[in-house]
Amino acid sequence: GRGEAMLGYLERVAILNGISSIFVLSTRTMEWFVERGFEQCSVDDLPDARRDIYDWKRKSKVYRKKLDGTRAVDAEELFWDIAT
């Protein structure tokens, strides 16, 4: 779907820019991210600039995905194409 396509694109952009982990903050769609390789982590794990502006009132859950390279993204996209 569109969500998988957007995530795959953003992962490739991150990898090409030397980024090894991406983060998402969510109050509702945690399962979707977990199904795509994200793991719950602490607000303390966020990069300093993002942690400094974290909105404690929203109580967003923080998830991180470690990026292993574009081949891993290719494999994940293939899996999601077959599963849907």
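What counts, and where the lines are drawn
- Residues numbered from 1 in each chain as written.
- Predicted model: local features only at pLDDT ≥ 70, side-chain atom pairs only at ≥ 80, totals over all residues.
- Heavy atoms only, no water.
- Patch = residues over 30% accessible without salt bridge, like charges linked within 9 Å, V, L, I, M, F, W, Y side chains within 5 Å.
- Areas by Shrake-Rupley, 256 points an atom, 1.4 Å probe, with all protein chains shown as cover.
- Salt bridge = Lys/Arg side-chain N within 4 Å of Asp/Glu carboxyl O.
- Helix = DSSP H or I, 4+ residues; strand = E, 2+ residues; numbered from the N terminus.
- Pairing = 2+ DSSP bridges.
- Axes fitted to C-alpha atoms, helices over the stretch in contact; angles between N-to-C directions.
- Core = buried A, V, L, I, M, F, W, Y, C linked by side-chain atoms within 4.5 Å.
- Buried < 20%, exposed > 50% of the residue type's maximum accessible area, 1.4 Å probe, protein only.
- Contact = heavy atoms within 4.5 Å.

**A short note on a nonpolar patch on the surface**
Phase 1 of the analysis: Taken together, the side chains of Y9, L10 and V13 define a hydrophobic patch exposed on the protein surface, amounting to about 300 Å² of accessible area.
Phase 2 of the analysis: When you line up the elements, L10 lands in helix α1 (residues 2–16).

**Quick look at the sheet that holds strand β1 (residues 21–26)**
Phase 1 of the analysis: An order of β1-β3-β2 is seen for the three strands of this open sheet, with the pairing classed as antiparallel. The open sheet is flanked by β1 and β2 (39–41), the only strands paired with a single partner. Strand after strand, the sheet turns through a mean of 40° between neighbouring axes, direction not considered.
Phase 2 of the analysis: The pairing of β2 with strand β3 (residues 61–66) spans three bridges and is classified as antiparallel. Bridging across to β3, Q40 finds its partner in Y63.

**With respect to the nonpolar core**
Phase 1 of the analysis: Listed in full, the nine residues of the largest apolar core are L7, A14, I15, I22, V24, F33, F38, Y63 and L67.
Phase 2 of the analysis: For this core, the secondary-structure elements that each account for two or more residues are α1 and β1.
Phase 3 of the analysis: Ranked by residues supplied to this core, first place goes to α1 with three residues.
Phase 4 of the analysis: With near-sequence residues (within four places) excluded, I22 lies in contact with L7, E11, A14, F38, Y63, R64, K65 and L67.
Phase 5 of the analysis: Of all hydrophobic cores here, the second largest spans five residues; its members include V43, L46, Y54 and V62.

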